[in-house]
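# Understanding the architecture of this molecule
Now for the letters of each chain:
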Amino acid sequence: MAGILALGLLVVGSQYVASESGEVVVLRTHDDAGGVHETRLWLVDHDGSPWLRAGNPSGGWFPRLSARPEVEVVRGSQTLVFQAAPTPEARDTINDLMHEKYGWADSYICLFFPRAAKLPVRLLPAAVGTLVP
């Protein structure tokens, strides 16, 4: 029993270490009650836009983003407002860019959340120069 518990802790701990490797941004989404939810995510830049990738489009932050696509992203010291646009046709390109940027960590996370199920999300400026103080 202790071995199974130790293995479980090892898997969870290694997922955390992998997911925090490289650049991590904070995505702020809003629920129906107006609550703000913060999620730490990887991000890549492509075609002049930042992109996120939902590992599980049916759970977590993605349903909130789908219901209310205006989101905030904290990247470094800046907080910007974006309009989120799920873009499934960019899956292969964004998966490749994520793998290029995050390397072994991306490979490890994809053992649990396969690339074929991931959904890319393009972040488009909500308004030119929109910056949250």
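Just above, that's the structure.
Attention here is on the structure that accompanies the text. Along each chain, residue indices are assigned from 1 in the same order as the chain's sequence is written. Two thresholds apply to this predicted model, a pLDDT of at least 70 for residue-level local features and 80 or more for giving and counting side-chain atom pairs, whereas whole-chain, interface and lining totals are computed over all residues. Water and hydrogen atoms play no part in the side-chain values, which are based on all heavy atoms of the structure.

Strands are labelled as partners when DSSP assigns at least two bridges between them. In this description a helix means any DSSP run of H or I spanning at least four residues, a strand means any run of E spanning at least two, and both kinds are numbered starting from the N terminus. Pairing in this open sheet of seven strands is antiparallel, and the strands run β2-β1-β5-β6-β7-β4-β3 from one edge to the other. Every other strand in the sheet has two partners, leaving β2 (36-41) and β3 (44-46) as the edge strands with one partner each. Averaged over all adjacent pairs, the angle separating strand axes in this sheet is 40°, with direction ignored. Strands β3, β4 (49-54), β5 (70-75) and β7 (119-125) of the sheet are contacted by helix α3 (residues 91-102), whose axis makes an angle of about 130° with β3. For helices, the axis comes from a line fit to the C-alpha atoms of the stretch in contact; other axes are also lines fit to C-alpha atoms, and the angle between any two N-to-C directions lies between 0 and 180 degrees. What makes two residues a contact is simply this: any of their non-hydrogen atoms within 4.5 Å.

What follows deals with the nonpolar core. By nonpolar core is meant a set of buried Ala, Val, Leu, Ile, Met, Phe, Trp, Tyr and Cys residues that side-chain atoms within 4.5 Å join together. Relative accessibility decides the category of a residue: with a 1.4 Å probe and only protein chains considered, values under 20% of the type maximum give buried, values over 50% give exposed, and everything between is partly exposed. In terms of nonpolar packing, the biggest core is built from 16 residues, with L27, L52, W61, L65, V121 and L123 touching the most fellow members. For this core, the elements supplying multiple residues, two or more each, are β1 (25-30), β4, α2 (62-67), β5, β6 (78-86) and β7. Looking at this core, the element that brings in the most residues is β7, giving three residues. In terms of nonpolar packing, the next biggest core, distinct from the first, is built from 10 residues, V24, I94, Y102 and A105 among them.

Looking now at the packing of aromatic side chains. Two aromatic rings, drawn from Phe, Tyr or Trp (for Trp, its six-membered ring), form a pair once their centres lie within 6.5 Å of each other, and the interplanar angle then sorts them: stacked below 30 degrees, edge-to-face above 60, tilted otherwise. Taken as a whole, this structure holds three aromatic pairs when the rule is applied. Considering the side-chain rings of W61 and F62, the 5.9 Å spacing of their centres and the 75° angle between planes classify their relative orientation as edge-to-face. On the accessibility criterion, W61 (9% relative accessible area) is buried. A relative accessible area of 8% places F62 in the buried class. With a centroid separation of 5.2 Å and 70° between ring planes, the pair formed by Y108 and F112 is classed as edge-to-face. Residue Y108 and its partner F112 are both found in helix α4 (residues 104-112); the two are separated by four residues, about one turn of the helix.

Structurally, the position occupied by T39 is in strand β2. Sequence-distant contacts of T39, that is, excluding residues within four places in its chain, are made with V25, V26, L27, W61 and R64.

Shape is all these values report; function is a separate question.
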